[in-house]
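Spelled out from the first residue to the last, the chains are:
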Amino acid sequence: MKIIDCSGLACPKPVIETKKYFESIESGEAIIVVDNEIANTNITRFAENSGFTVNSVEEEGLFKLTITKEADNNSCNGKDTFSIIITTDKMGEGSEELGKVLMKSYMYALGEATEIPEEIVFLNSGVKLVTEGSEVIDSIKELEDKGTNIISCGTCLDFYGLKDKLLTGEISNMYAIVEIMNSKRVIKI
């Protein structure tokens, strides 16, 4: 069985190395070794989104992910789903006060919609919506409870000093975000 040691690699290299290997084979299995929870989460998400089976085990501070790709694998790419990319903590241009009211209304209405997004990705000042002080956190948590994946850019959280104030969802990287944006319909706010 192929072992790919990605411990010590900075994000998003573990996902890229994993992706390269599985693109090079028709079917097979590999163990990916990483040394942090974020890489574990990102590789797990990549594998699941690709239709692979994945099992992660933590041993002595390392995560060992066993990933299996079947020959007749049908990737989720092309599935009729949609994602929302939110790049700001307000909606639209003009009045900041009105923009915050509109965002609050939008997030509430989104939670009440018949179709909900598979993911909502928060970038730039949009990460303020998933951290302490957010006026829309309850609506976002309701969407998460209904099955929407809530994803925040780790670089953005670091930039605004909000990583330790994250209230919901998971932290991701630009590579994983690009994969989301390339795999389905995307609505940008």
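Residues numbered from 1 in each chain as written. Predicted model: local features only at pLDDT ≥ 70, side-chain atom pairs only at ≥ 80, totals over all residues. Heavy atoms only, no water.

*Asks:* Could you clarify how one ought to interpret the overall build of the chain in this entry?
*Replies:* Secondary structure assignment for the chain yields 6 helices and 9 strands. Scaling as 2.2 N^0.38, a compact globule of 189 residues should have a C-alpha radius of gyration of about 16 Å, and the chain matches this with 18 Å. Its C-alpha atoms give the chain principal-axis dimensions of roughly 55 × 35 × 25 Å. Buried positions account for 43% of the 189 residues belonging to the chain. Long-range contacts, defined here as pairs at least 24 residues apart, represent 71% of the contacts in the chain between residues at least 6 apart. A total accessible area of about 10,000 Å² is found for the chain, and carbon and sulfur atoms account for 49% of it. In the chain, the 19 positive side-chain charges and the 32 negative ones have mean positions that sit 5 Å from each other. (Helix = DSSP H or I, 4+ residues; strand = E, 2+ residues; numbered from the N terminus. Rg over C-alpha atoms; globule rule 2.2 N^0.38 Å. Buried < 20%, exposed > 50% of the residue type's maximum accessible area, 1.4 Å probe, protein only. Contact = heavy atoms within 4.5 Å. Areas by Shrake-Rupley, 256 points an atom, 1.4 Å probe, with all protein chains shown as cover. Lys, Arg positive; Asp, Glu negative; His and termini not counted. Charge placed at Lys NZ, Arg CZ, Asp CG, Glu CD.)

*Asks:* How should I be thinking about the sheet that holds strand β4 (residues 62–69) in this particular structure?
*Replies:* Paired through backbone hydrogen bonds, the strands of a sheet run either parallel or antiparallel to each other. The strand order across the open sheet built from 4 strands is β1-β2-β4-β3, with neighbouring strands paired in mixed fashion. The sheet is open, and its two borders are formed by β1 (2–5) and β3 (53–59), each paired with just one other strand. Averaged over all neighbouring strand pairs, the angle between strand axes comes to 20 degrees, with direction disregarded. Relative to strand β2 (residues 28–34), helix α1 (residues 13–23) is tilted by about 165 degrees, and along the sheet it contacts β1, β2 and β4. Contacts between helix α2 (residues 37–49) and the sheet are confined to β2, β3 and β4, with β4 contributing the most and set at about 10 degrees to the helix. (Pairing = 2+ DSSP bridges. Axes fitted to C-alpha atoms, helices over the stretch in contact; angles between N-to-C directions.)

*Asks:* What am I meant to see in helix α6 (residues 174–183) here?
*Replies:* Side chains three or four residues apart in an α-helix point the same way, a direct result of the helix having 3.6 residues per turn. Those residues of α6 not exposed but buried are Y175, A176, I177, I180 and S183. Residue N173 occupies the N-cap position of α6, its side-chain oxygen lying 2.9 Å from the main-chain nitrogen of Y175. (Polar contact = N/O pair within 3.5 Å; in protein donor to acceptor, adjacent residues only side chain to side chain.)

*Asks:* I would appreciate a short explanation of the environment of I3 in the present structure.
*Replies:* Within the secondary structure layout, I3 lies in strand β1. For I3, a relative accessible area of 55% translates into the label exposed. When near neighbours in sequence (up to four residues on either side) are disregarded, I3 contacts I31 and V33.

*Asks:* What am I meant to see in the confidence of the model for the chain here?
*Replies:* As a note on interpretation, predicted positions should not be read in detail where pLDDT is low. With 95% of its residues at a pLDDT of at least 70, the chain reaches an overall mean of 88. Low pLDDT (under 50) marks residues 74–79, which in the prediction has 7 contacts with non-local residues, meaning those over four places away or in another chain. (pLDDT = per-residue confidence, 0-100.)

*Asks:* For this particular structure, what's the right way to read a negative patch on the surface?
*Replies:* The grouping of E112, D138, E142 and D145 at the surface amounts to a negative patch. In terms of residue count, helix α4 (residues 137–145) provides more of the negative patch than any other element does, 3 residues in total. Note on E142: relative accessible area 40%, which makes it partly exposed. (Patch = residues over 30% accessible without salt bridge, like charges linked within 9 Å, V, L, I, M, F, W, Y side chains within 5 Å. Salt bridge = Lys/Arg side-chain N within 4 Å of Asp/Glu carboxyl O.)

*Asks:* Explain the sheet that holds strand β5 (residues 82–86) to me, please; I cannot follow it from the model alone.
*Replies:* Strand order in the open sheet formed by 5 strands is β8-β7-β6-β5-β9, with parallel pairing between adjacent strands. In the strand order of this sheet, the two ends are held by β8 (170–172) and β9 (185–188), each with one partner. Across this sheet, the average inter-strand angle for adjacent strands is 25 degrees, counted without regard to direction. Note that β5 and strand β6 (residues 119–122) share 4 bridges and pair parallel. Across the sheet, residue S83 finds its bridge partner in β6, namely E119. In the packing of helix α3 (residues 96–112) onto the sheet, contacts are made with β5 and β6, and the angle to β5 comes to roughly 160 degrees.

*Asks:* Hey, could you run me through the packing of aromatic side chains in this one?
*Replies:* Describing an aromatic ring pair means giving the distance of the ring centres and the angle of the ring planes. One pass over the full model with this rule turns up 4 aromatic pairs. On the basis of an interplanar angle of 80 degrees and a centroid distance of 5.1 Å, the ring pair of Y21 and F22 is categorised as edge-to-face. A centroid spacing of 5.2 Å and a plane angle of 35 degrees characterise the contact between F22 and F52, whose relative ring orientation is tilted. Pair noted here: F22 is in helix α1 and F52 is in the loop between α2 and β3, with a separation of 30 residues, a long-range link. Ring pairing ties together the aromatic residues Y21, F22, F46 and F52, which thus form one cluster. (Phe/Tyr/Trp six-rings, centres within 6.5 Å; stacked < 30°, edge-to-face > 60°.)

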